[in-house]
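Residue strings, one per chain:
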Amino acid sequence: MDKRIASPKQTQEIIRAHRFTLKKSLGQNFLVDANILNNIVQAAAIDAESFVLEIGPGAGALTQILAAHAKKVVAIEIDRRLEPILSETLQEFNNVSLHFGDVLKIDLDAILRKEFPPDAPVIVVANLPYYVTTPILMKLLMPNMPFCRIVVMIQKEVAARLEAHPGEKSYGSLSIAVQYLADASIVLTVPKTVFMPQPNVDSAVIRLDVRKDKKVAVADEAFFFRLVRASFAQRRKTLLNNLMNNLFSKNEKDAIQAVLEEQGVDPGRRGETLTIEEYARLSDALQYLDKK
Ligand code: SAM
């Protein structure tokens, strides 16, 4: 065992010594099980050449193990109150760079450009805050991100969305984004008892291996993702209504309807019934309307 890595018990003592109070509203359920922490790092296949991005280092329990294995770790944490704790738990490591801010608002491109060599593949590892799991994953899965692998702890029910198919309850924009870009697998399921404090839901560690070849070809990836998000914006509404309200405008109703019919997609269907192939076809056909 690397002597620079504190045991979960030691980390808890440091948290207590700093009189730190965990904030539920920030999803602060810290991992306190050394085996699970090690399993996550192993699943991410990190070696001495790896560049790692961690979201939400908390008190640094996972960060320390990542830093002991990787070439460099960049960690983004929203809660500045953790700064003195992280300075203490990470003091033995000179390959960790901390950024404080909301990962959803921060200029992630600029941080990645500043911290990592150009074109270097980056591995994301995190025990994600559960209140923002989906938006964070959607941000990480945006086109042109340099990530080759994403290994994260998320709620078990969200993990089910990754493999969901049209018509299933958990099928949504996250399912499509993941299936478009990556091969997804559930590495392990995790009981509530390994967290402090314990969350209300069970968890799972998932691994996304980002593919070089996309599942379907689309002319404009950014538009494809906007189309998918808009189609699921209000799940109970028809595709036509969602596209009118969330992507185009009411004036364009006839034009949208014509394109959908031309592509053999009934405008009265709901977004949750369309396959990824149908979305790709619609994306290529509708993008011209977007640019008009
Ligand atoms: N990595 C630590 C561990 O495994 O023990 C902490 C994980 S805890 C589930 C989630 C962490 O994400 C917390 O430290 C929390 O403050 C941070 N966090 C919450 N929302 C965030 C956001 N929008 N951007 C960056 N960090 C965030």
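Residues numbered from 1 in each chain as written. Predicted model: local features only at pLDDT ≥ 70, side-chain atom pairs only at ≥ 80, totals over all residues. Heavy atoms only, no water.

1. Details of the site of the ligand
In the vicinity of the ligand there are 21 residues, among which Leu31, Gly56, Glu77, Asp102 and Tyr131 approach most closely. Applying the majority rule of atoms within 2 Å of the grid points places the ligand in the second largest pocket. Looking at the shell around the ligand, the elements with two or more residues in it are strand E1 (30–31) and strand E3 (72–77). Here the residues of the shell around the ligand are counted per class, giving 11 nonpolar, seven polar and three charged. (Near = heavy atom within 4 Å. 1 Å grid on protein atoms, 1.4 Å probe; cavity = no way out; pocket = protein on both sides within 12 Å on 5 of 7 lines; lining within 4 Å. Sits in = over half its atoms within 2 Å of the grid points. Helix = DSSP H or I, 4+ residues; strand = E, 2+ residues; numbered from the N terminus. Nonpolar A, V, L, I, M, F, W, Y, C, P; charged D, E, K, R; others polar.)

2. Here's the deal with the packing of helix H9 (residues 221–231) against helix H10 (residues 239–246)
Following both chains from N to C, one finds H9 and H10 inclined at 115 degrees, their axes separated by 8 Å at the closest point. Our pair here, H9 against H10, has a crossing hand that is right-handed. In this structure, H9 contributes Leu227, Ala230 and Ser231 to the contact, and H10 contributes Leu239, Asn242, Leu243 and Asn246. Partitioned by chemical class, the residues of the contact of H9 with H10 number four nonpolar, three polar and no charged. (Axes fitted to C-alpha atoms, helices over the stretch in contact; angles between N-to-C directions. Left-handed = near helix turned anticlockwise from the far one by under 90°. Contact = heavy atoms within 4.5 Å.)

3. Concerning the sheet that holds strand E6 (residues 147–155)
Taken in spatial order, the seven strands line up as E4-E3-E2-E5-E6-E9-E7 in an open sheet, and their pairing is mixed. Edge positions in the sheet fall to strand E4 (96–100) and strand E7 (182–190), since each of these pairs with one other strand and no more. With strand direction ignored, the average angle separating the axes of adjacent strands in the sheet is 15 degrees. Examined bridge by bridge, E3 and E4 share five bridges and lie parallel to one another. Within E4, the position partnered with Ala75 by the bridge is Leu98. Helix-sheet contacts for helix H5 (residues 108–115) involve strand E2 (51–55), E3, E4 and E6, and the interaxial angle to E3 is about 155 degrees. (Pairing = 2+ DSSP bridges.)

4. Side note on unusual backbone geometry
Of the consecutive residues Met196 and Pro197, the connecting peptide bond is found in the cis state with omega at -15 degrees. Mapped onto the elements of the fold, Pro197 is located in the loop between strand E8 (195–196) and strand E9 (203–210). In the Ramachandran plot, Asp119 falls in the positive-phi region, its phi being about 70 degrees despite a non-glycine side chain. Looking at the element boundaries, Asp119 is found in the loop between H5 and strand E5 (122–127). Owing to a relative accessible area of 80%, Asp119 belongs among the exposed residues under this scheme. (Buried < 20%, exposed > 50% of the residue type's maximum accessible area, 1.4 Å probe, protein only.)

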